[in-house]
Amino acid sequence: MQKMCPQPKVSRVFLHGIVFDDAHVRRWQHAEQWIYVQKKLMKKMIQELTVALPEHLKKALSEGGEKKAEGSLLHILGFDLDERLIQRAQENNPLPQIISFVHLDITKDNSQSRLLCYAEQHGCSRFHVCLCLAVTMWVHLNHGDEALLELLSRLASISEHLLLEAQPWKCYRSAARRLRKVGHSQFDHFKTLKIRGDMAEHARAHLESCCGMELVQSFGNTTWDRRLLLFKRK
């Protein structure tokens, strides 16, 4: 039986993984300026979030009664499909002793072993928390139903907790419509997708029935009308 990671305490390592792999859209990124701007802003926001997390977590640990919240016990890994953006994040990383950025395609079979290797280097079998924000649609559109479910299963397998923001179906239709407007062919799998409708509910059902996770908190909808769901391992 695989050893479970300890819960995050100051006396132990806290591992946090951030998935910002929406670069699966890059095959049509050049089609229109809005795509580049949207992606650039999203990357900037998530990189800023990654950098802000250490101070927030250390403060939370300190307020929770811990005497010391040493940065060396906190480790954050961010990864992306776009190698140039990862290089830029590495070059501008203000906390390299805490935050690492790696080039990784989460849809590839070897991605799970690479992520678990990082966790094991810090004495854990899984990440305490993994964030997957606005990623699911791009994997789904470009790789199909099976890839979406595999993404969720893979993230669940490396996480004690998973914070998921899945794009609703209306975002799929908007992405397909914008692609048509600029004269490009349709997404490879859009017309053949069987998983449709309430995407957050589909994700919840799969994580709970197939991945040993349970929903512990729904934080409502973001300003982009996307549900933010927190799952934990049963």
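1. Quick notes on the overall build of the protein chain
Secondary structure assignment for the protein chain yields seven helices and seven strands. Listed by position from the N terminus, the elements making up the protein chain come as β-α-β-α-β-α-β-α-α-β-α-α-β-β. Taking all 234 residues of the protein chain together, 48% fall into the buried category. Counting contacts in the protein chain only where the partners sit at least 6 residues apart, residues at least 24 apart contribute 72% of the total. Total accessible area on the protein chain stands at roughly 11,900 Å², and carbon and sulfur atoms take up 51% of it.

2. A closer look at the nonpolar core
Ranked by internal contacts, the top residues of the largest apolar core, which has 28 residues, are Leu115, Leu162 and Leu207. When contributions to this core are tallied by element, the ones reaching two or more residues are β2 (74–80), α3 (111–121), β4 (127–133), α5 (145–157), β5 (159–165), α7 (199–210) and β7 (227–233). In terms of residue count, α5 provides more of this core than any other element does, five residues in total. Among residues more than four places away in sequence, those in contact with Leu115 are Leu77, Phe79, Leu104, Ile106, Phe127 and Ile158. One finds Leu141, Trp169, Ala175 and Ala176 within the second-largest nonpolar core, a separate group that totals 15 residues.

3. Quick word on the pattern of salt bridges
Scanning all chains against the criterion turns up nine salt bridges. The partner of Asp82 in a salt bridge is Arg84, and the shortest N-O contact between them spans 4.0 Å. Among the ionic contacts, a cluster of salt bridges with common partners joins Asp109, Glu150 and Arg154.

4. What to know about the environment of Ser159
Position of Ser159 relative to the elements: it lies in strand β5. Judged by relative accessible area, Ser159 falls into the buried class, the value being 0%. Distance from Ser159 to Val129, taken between C-alpha atoms, is 5.9 Å for residues 30 residues apart in sequence. Dropping the residues within four chain positions of it, Ser159 is found in contact with Arg126, Phe127, Cys130, Met213 and Arg233.

5. Let's talk about helix α4 (residues 136–143)
Of all eight residues in α4, seven are buried; the element is thus mostly enclosed. Of the positions making up α4, those classed as buried are Thr136, Met137, Trp138, Val139, His140, Leu141 and Asn142. Where α4 is buried, its residues meet β4, α5, β5, α6 (169–181) and α7. Positive backbone phi, approximately 100°, marks Gly144, located one or two places after α4.

6. Here we look at the confidence of the model for the protein chain
When pLDDT is averaged across the protein chain, the result is 77; 69% of the residues are at 70 or more. For the protein chain, the element scoring lowest by mean pLDDT is strand β1 (residues 14–19), at 51; α7 scores highest, at 98. Note on residues 19–45: pLDDT under 50 across the span, and 73 contacts to partners over four residues away in sequence or across chains.

7. A look at the packing of α4 against α5
Look at α4 against α5: their axes get within 7 Å of each other, and the N-to-C directions meet at 145°. In the crossing of α4 with α5, the sense of the turn from one axis to the other is right-handed. Packed against α4, whose contacting residues are Thr136, Val139, His140 and His143, the element α5 presents Asp145, Ala147, Leu148, Leu151 and Leu152 at the interface.

8. Some remarks on the packing of aromatic side chains
Across all of its chains, the model carries four aromatic pairs by this definition. Centre to centre, the rings of Trp169 and Tyr172 are 4.6 Å apart; their planes meet at 25°, and the pair counts as stacked. Residue Trp169 and its partner Tyr172 are located together in helix α6, separated by three residues, close to a single helical turn. Side by side, Trp169 and Tyr172 carry an identical accessibility label, which is buried. Here the aromatic rings of Trp169 and Phe190 are separated by 5.8 Å at their centres, their planes lie at 10°, and the arrangement is stacked. You can see Trp169 sitting in helix α6 and its partner Phe190 sitting in the loop between α6 and α7, a full 21 residues away along the chain.

Reading the values: the criteria
- Residues numbered from 1 in each chain as written.
- Predicted model: local features only at pLDDT ≥ 70, side-chain atom pairs only at ≥ 80, totals over all residues.
- Heavy atoms only, no water.
- Helix = DSSP H or I, 4+ residues; strand = E, 2+ residues; numbered from the N terminus.
- Buried < 20%, exposed > 50% of the residue type's maximum accessible area, 1.4 Å probe, protein only.
- Contact = heavy atoms within 4.5 Å.
- Areas by Shrake-Rupley, 256 points an atom, 1.4 Å probe, with all protein chains shown as cover.
- Core = buried A, V, L, I, M, F, W, Y, C linked by side-chain atoms within 4.5 Å.
- Salt bridge = Lys/Arg side-chain N within 4 Å of Asp/Glu carboxyl O.
- pLDDT = per-residue confidence, 0-100.
- Axes fitted to C-alpha atoms, helices over the stretch in contact; angles between N-to-C directions.
- Left-handed = near helix turned anticlockwise from the far one by under 90°.
- Phe/Tyr/Trp six-rings, centres within 6.5 Å; stacked < 30°, edge-to-face > 60°.

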